[in-house]
Amino acid sequence: MVLEKMIDELYELSKKAIASGIHVSFEIGLAGYPCRVWVEEPTESKMTTYDIYRDKALMEESVKNYEAAKEHLTQLLKENGS
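Residues numbered from 1 in each chain as written. Predicted model: local features only at pLDDT ≥ 70, side-chain atom pairs only at ≥ 80, totals over all residues. Heavy atoms only, no water.

A. Up close: the packing of aromatic side chains. Inspection of the entire model under this criterion finds 1 aromatic pair. Plain terms: the ring middles of Tyr11 and Phe26 are 5.1 Å apart, the flat faces sit at 55° to each other, and that makes the pair tilted. Note that Tyr11 is positioned in helix 1 (residues 3-19) and Phe26 in strand 1 (residues 24-28), a separation of 15 residues in sequence. The class of Phe26 is partly exposed, set by a relative accessible area of 22%. (Phe/Tyr/Trp six-rings, centres within 6.5 Å; stacked < 30°, edge-to-face > 60°. Helix = DSSP H or I, 4+ residues; strand = E, 2+ residues; numbered from the N terminus. Buried < 20%, exposed > 50% of the residue type's maximum accessible area, 1.4 Å probe, protein only.)

This is how it looks when you write it as structure tokens:
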């Protein structure tokens with residue numbers, strides 16, 4: 001999956017989550033990691049961070065983080081009835 005497509009998909013999920021009242025922060029940047037998503041658990045004061053890296057050597061980790069963030073956001077939206 002192309003990096004930009006992963007970032008776009010996480011951005012859309014993040015917007016839906018925020019609109020439904022889920023605490024999510026989404027950051028994109030030029031240097032280092034191009035995307036970071038913070039997701040707060042509604043029942044805990046715990047933030048989970050997912051980083052997507054531009055570096056090809058870290059692409060495997062980025063794909064794992066993308067899949068984990070997508071699953072996390074999707075699950076929270078489902079639990080929230082969105």
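B. How the structure looks around the pairing of strand 2 (residues 35-40). With burial as the criterion, only one face of strand 2 is covered, namely that bearing Cys35, Val37 and Val39; the residues Arg36, Trp38 and Glu40 on the opposite face remain uncovered. Both strand 1 and strand 2 contribute to a ladder of 5 bridges, which runs antiparallel. Among the inter-strand pairings, Phe26 is bridged to a residue of strand 2, identified as Val37. Linking strand 1 back to strand 2 in an antiparallel pair, the connection comprises 6 residues, with Gly32 at a positive phi of about 70°. One ladder, built from 6 bridges, connects strand 2 with strand 3 (residues 47-52); its direction is antiparallel. Bridging from a neighbouring strand, Trp38 pairs with Thr49 of strand 3. (Pairing = 2+ DSSP bridges.)

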